[in-house]
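Spelled out from the first residue to the last, the chains are:
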Number of protein chains: 2
Amino acid sequence: MKITIGDVAQKAGVSKTTVSRIINGNYNNNTEETVQKVLDTIKELDYRPNALAKGLKSSRTNVIGMVLSNLKNPFWANVLEGTEEACQELGFNLMICNSGEDPELEEQYIKEFQMRQVDGIVINPTAINTKLYNDLVMEEYPMVFINRKVDGIETHNVVVDNIKGAFMAVDHLLKKNRKNVVSIAYKNKYVSTWRERLEGYRAAMLAHGYSSSEFNILEIEREKGNIKGIIIDFLKSNPSIDGIFSTNNMITLEIVDAIKDLELKIPEDIAIVGYDETIWAKHLDPPLTTIKQPAKELGKVSAKILIETIQNNNFDKPQKIILQPELIIRKSCGATSASVVWAVKK
Amino acid sequence: MKITIGDVAQKAGVSKTTVSRIINGNYNNNTEETVQKVLDTIKELDYRPNALAKGLKSSRTNVIGMVLSNLKNPFWANVLEGTEEACQELGFNLMICNSGEDPELEEQYIKEFQMRQVDGIVINPTAINTKLYNDLVMEEYPMVFINRKVDGIETHNVVVDNIKGAFMAVDHLLKKNRKNVVSIAYKNKYVSTWRERLEGYRAAMLAHGYSSSEFNILEIEREKGNIKGIIIDFLKSNPSIDGIFSTNNMITLEIVDAIKDLELKIPEDIAIVGYDETIWAKHLDPPLTTIKQPAKELGKVSAKILIETIQNNNFDKPQKIILQPELIIRKSCGATSASVVWAVKK
DNA sequence: ACATTTCTAGAAAACGATTCCCAATTAGAT
DNA sequence: ATCTAATTGGGAATCGTTTTCTAGAAATGT
């Protein structure tokens, strides 16, 4: 049989009120003696409060929800890890779901979260459901958009500077004397990350004296299965390409394979910079130069901001946090290895 | 202001009872007309039931909890994806947490889940908290152990056949004429997966006529930072090694690097089979032969069994499900590529 | 026409906490 | 010794559902 607060009260010979107060740390209202008695009884009966009842009455659950779009991508696994860690530290629990970029599913999930009285939501938004987002802002539902911006929605937003990340990548390629740099990306006009990475590409090209007519961008539709094939075809018809900025870690692997299939050499024939520092980047052949995003921190910061909003109810100032990417230089752009540098110096 | 079932009842001119019945699909008890009226009112007011209240009263939440130990490992991200998918299909929501192999954290999380009246739990058990596990079995708390077995705990268990997986890996190496095969693993005596993979190694060795004195196993302690260094040292002092069975995908990457640092060639000098088919396995140089575990299915099946238990309350027969691993042959064991095979045939 | 059965739908009591408000006891002041 | 103020703890309402029990209406049988 489940033990309730009533059982504790009875056994300790006090009222439910008293027990409740003591559980919630309201010691100043009771004698030392009462507190001790109640605490002992709780331990004795191994009483555990029913979070549902508590939530129902207090309308706070200490649970946050997270809507992700692609669990499979290690980037998101890292983000999730950060969010989980923050929750743990701050005494919250985490519900997650996977929208798979489907706006309908996203909406359904968000509504489910709300029905469960989740205290707030971290969303990697599909960016399509603007009406839904606006409704949430209107009703002051604590919410953080993670990794993506959505125009016109005034809510907390934690992102990585994608323009800068892309700029660094392309700038690095151009400094390594590459003359024909292409940017390869998934096609998705709704999502700010893609837009910004292309913008960074353009900015870097312009900064190096290229004109916009010289921009070269390959956009791949996710649905089209054979990504490697598309890349091979592209490279065949653009034989002058000597540098690739890949905006997505899954695509990067296909690019590397495509280049090998064409029996070209990295970096001698084509240099590559990939987006996202993955577990495997430094183990590829050659090790991959990447733009590292602080994925775990992204998740952690988002959760912290959300929870702070929940606890302080401050909706006056939506926070816009921009984390900084980092260029990890490896051989895929022609970097010499550490030992060689040393030898040369010597 | 929040809309409750009472508001709907009032507006529709019926009682809360009626509304509740209709929400829960009890149409046969009401006239067509009443049903329609209530349904319309629900839509009109955009009424959304409070899951907390519902859960409190009915003591079913339609939420399951999942305790993972390492979100960062892509294997688990895939498992999680499967679990999430099953939840979605079956109308459940998912709470997750990350024990990080810490038994105390595991216990704390499981208790939190229970306080939240989660309907059941999927656990990747640290395997240390036997008392806790037993308590859960005793109180018939729906539970599934995933990926690991724990001796003496009578509960649902979904695993992959690790003995077989390891056997296939080592058998493959030996058939490729490797004479000195070592198994490299993390040291963890509590966890069935490690034990079984070593058992599979031994079985394969025995099957190929080796005696137990010829077994060669390198166990690495997770805490010791420099894994690559340990492997290099090991390979230096065991120069006859010509085949490696790596029981963990993170270690595999270090092994590959170690071998390259030693300027040895894969597979000519040392052949490798790795555990877990990761995104990057086929993109390594050379592409890696692996044992593929049906990770997503593992997660999915676990959730399904759990939810079925919840819905049917059948604790009589704990299910033991063993999924099958698969050998994915690539060049790291000396497999010729498909095209070469074709050329030779020709 | 009246008795009996079947439908339909409502009143009210849970579920297990929190919390407002009030009563009783004690302490302090005069 | 009496009155007021402060402390301590309890009664009961409440959160938003579900569900049992029951009553009235309608339908059926005689």
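Residues numbered from 1 in each chain as written. Chains lettered and ligands numbered in written order. Predicted model: local features only at pLDDT ≥ 70, side-chain atom pairs only at ≥ 80, totals over all residues. Heavy atoms only, no water.

The name an unreviewed UniProt entry assigns to chain A is LacI family transcriptional regulator, from the organism Aquibacillus salsiterrae.

1. Considerations on the packing of aromatic side chains
Residues and elements named next belong to chain A. Summed over all chains, the structure comprises 11 aromatic pairs over all chains. An angle of 75° between the planes, with centres 5.2 Å apart, marks the rings of Phe75 and Trp76 as edge-to-face. When sorted by exposure, Phe75 lands in the same class as Trp76, which is buried. Their ring planes at 55° and their centres at 6.0 Å tell us that Phe245 and Tyr275 sit as a pair that is tilted. Taken as a pair, Phe245 in strand 8 (residues 243-246) and Tyr275 in strand 9 (residues 271-275) lie far apart in primary sequence, 30 residues in all. The same class applies to Phe245 and to Tyr275, which are both buried. Over the face of the ring belonging to Tyr275 we find Arg197, whose NZ or CZ atom lies 3.8 Å from the ring centre. (Phe/Tyr/Trp six-rings, centres within 6.5 Å; stacked < 30°, edge-to-face > 60°. Buried < 20%, exposed > 50% of the residue type's maximum accessible area, 1.4 Å probe, protein only. Helix = DSSP H or I, 4+ residues; strand = E, 2+ residues; numbered from the N terminus. Lys NZ or Arg CZ within 6 Å of the ring centre and 35° of its normal.)

2. Some thoughts on the sheet that holds strand 8 of chain A
Residues and elements named next belong to chain A. Strands sit in the order 7-6-8-9-10-12 across an open sheet of 6 strands; the sheet is mixed. Strand pairing shows two members of the sheet lacking a second neighbour, strand 7 (217-220) and strand 12 (326-328), which therefore form its edges. Averaged over all adjacent pairs, the angle separating strand axes in this sheet is 20°, with direction ignored. In the sheet, strand 6 (residues 181-186) pairs with strand 7 via 4 bridges, with the strands oriented parallel. Bridge assignment links Ala185 to a residue of strand 7, and that residue is Glu219. The sheet contacts of helix 8 (residues 162-175) involve strand 6, strand 8, strand 9, strand 10 (289-292) and strand 12, and relative to strand 9 the element is tilted by about 170°. (Pairing = 2+ DSSP bridges. Axes fitted to C-alpha atoms, helices over the stretch in contact; angles between N-to-C directions. Contact = heavy atoms within 4.5 Å.)

3. Some points on the pattern of salt bridges
According to the stated counting rule, one finds 28 salt bridges over all chains in the structure shown. Residues Lys72 of chain A and Glu81 of chain B are paired through a salt bridge, measuring 3.4 Å at the closest nitrogen-oxygen approach. Highlighted residues: Lys72 of chain A in the loop between strand 1 (63-68) and helix 5 (74-90) and Glu81 of chain B in helix 5 (residues 74-90), drawn from two different chains. Residue class for Glu81 of chain B comes out buried when judged on its relative accessible area of 9%. (Salt bridge = Lys/Arg side-chain N within 4 Å of Asp/Glu carboxyl O.)

4. A word on the side chain of Thr126 of chain A
Residues and elements named next belong to chain A. The topology assignment puts Thr126 in the loop between strand 3 (120-123) and helix 7 (130-138). In this structure the side chain of Thr126 is engaged in a polar contact, spanning 3.3 Å, whose partner is the side chain of Tyr133. In contact with Thr126, not counting residues within four places along its chain, are Ser99, Glu101, Asp102, Pro103, Glu106, Tyr133, Arg148, Tyr190 and Val191. (Polar contact = N/O pair within 3.5 Å; in protein donor to acceptor, adjacent residues only side chain to side chain.)

5. Some details on unusual backbone geometry
A cis amide bond links Ile266 of chain B with the next residue in sequence, Pro267 of chain B, at an omega value of 0°. Within the secondary structure, Pro267 of chain B is located in the loop between helix 11 (249-261) and strand 9 (271-275). Cis rather than trans, the peptide bond between Asp285 of chain B and Pro286 of chain B has omega equal to -5°. Locating Pro286 of chain B in the fold gives a position in the loop between strand 9 and strand 10 (289-292). A positive phi is found at Glu101 of chain A, a non-glycine position, where the angle reads about 65°. Counting through the fold element by element, Glu101 of chain A comes out in the loop between strand 2 (93-98) and helix 6 (103-115). You will see that Asn147 of chain B, though not glycine, has its phi angle at about 75°, which is positive. Looking at Asn147 of chain B, the relative accessible area reads 5%, which means it is buried.

6. Section: the protein's contact with DNA strand D
Contacts to DNA strand D come from 27 residues, most closely from Ser15, Asn30 and Thr34 of chain A together with Ile5 and Ser20 of chain B. Sugar and phosphate atoms constitute 58% of the interface atoms of DNA strand D, taking the interface as everything within 4 Å of the protein. One of the side-chain N or O atoms of Lys16 of chain B is found 3.3 Å from a base oxygen in DNA strand D. Within the side chain of Thr17 of chain B, one N or O atom sits 3.2 Å away from a base oxygen of DNA strand D. Taken together, the elements giving at least two residues each to the surface near DNA strand D come down to helix 2 (16-23) and helix 4 (51-58) of chain A together with helix 2 (16-23) and helix 4 (51-58) of chain B. Considering every element that reaches the surface near DNA strand D, the biggest residue donor is helix 2 of chain B, with 4 residues. A breakdown of the residues in the surface near DNA strand D according to their chemical character gives 6 nonpolar, 14 polar and 7 charged. (Near = heavy atom within 4 Å. Nonpolar A, V, L, I, M, F, W, Y, C, P; charged D, E, K, R; others polar.)

7. Quick look at the interface of chain A and chain B
Interfaces are often sized by the amount of accessible area the parts lose when they come together. Counting from both sides, the interface comprises 47 residues of chain A and, opposite them, 47 residues of chain B. Our count for the contact surface shared by chain A and chain B stands at 2 salt bridges. Taken together, the connections running from chain A to chain B amount to 24 residue pairs in polar contact (both at pLDDT 80 or more). Among the secondary structure elements, those contributing two or more residues to the side of chain A that touches chain B are helix 4, helix 5, strand 2, helix 6 and helix 11 (249-261) of chain A. Tallied by class, the residues present in the side of chain A that touches chain B amount to 23 nonpolar, 11 polar and 13 charged. Relative to strand 2 (residues 93-98) of chain B, strand 2 of chain A runs antiparallel, the two sharing 3 bridges. Among the inter-strand pairings, Ile96 of chain A is bridged to a residue of strand 2 of chain B, identified as Leu94 of chain B.

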